[in-house]
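As a plain string of letters, each chain reads:
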Amino acid sequence: MGLALNKLLEQMEARRCCCLGTECVTHVEAVRTLEIPISGEVCTELRAMAEVFNAQPAELAGAILQAALIDMQEHLNEEMGHLADDARHEVDDPCVLIASETI
């Protein structure tokens, strides 16, 4: 799990331990509503998690999706940083410059 998903889980667990609702953690401002098919296994797991954390399954799914997207974006930013470093190294490498001039 990424940092955002871990943080979401920690917040939900802390609120569950204190017998508080998770609405403030799982509530996501809906800009667009999506309907996607999910497997029976995923649906069962989502309902079970919602029961444990005393949350609505749809809001929990939205919060999980938002955290997962944040984690994916951070991972992609790291990868882009590595690619930029590699490209910078190639541009500065005199061997690559000589080879490309020869071609």
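Structure shown above.
First, a word on what this report is: a plain description of the structure on this page. (Residues numbered from 1 in each chain as written. Predicted model: local features only at pLDDT ≥ 70, side-chain atom pairs only at ≥ 80, totals over all residues. Heavy atoms only, no water.)

1. A word on the layout of surface pockets
Here the second largest pocket is characterised by a volume of approximately 190 Å³. A4, L8, Q66, A67 and I70 are the residues nearest the centre of the second largest pocket, which is lined by 12 residues in total. Listing elements by their share of the lining of the second largest pocket, those giving two or more residues are α1 (3–17) and α4 (57–92). For the lining of the second largest pocket, the leading source of residues is α4, giving six residues. In terms of residue class, the lining of the second largest pocket is made up of seven nonpolar, two polar and three charged. (1 Å grid on protein atoms, 1.4 Å probe; cavity = no way out; pocket = protein on both sides within 12 Å on 5 of 7 lines; lining within 4 Å. Points joined across faces, edges and corners; volume = space filled by probe spheres on them. Helix = DSSP H or I, 4+ residues; strand = E, 2+ residues; numbered from the N terminus. Nonpolar A, V, L, I, M, F, W, Y, C, P; charged D, E, K, R; others polar.)

2. Quick look at helix α3 (residues 40–52)
An ideal rise of 1.5 Å per residue puts 18 Å on 13 residues; α3 measures up with 18 Å between its terminal C-alpha atoms. Backbone geometry just after α3 places N54 at a positive phi near 55°. (Expected span 1.5 Å × (residues − 1).)

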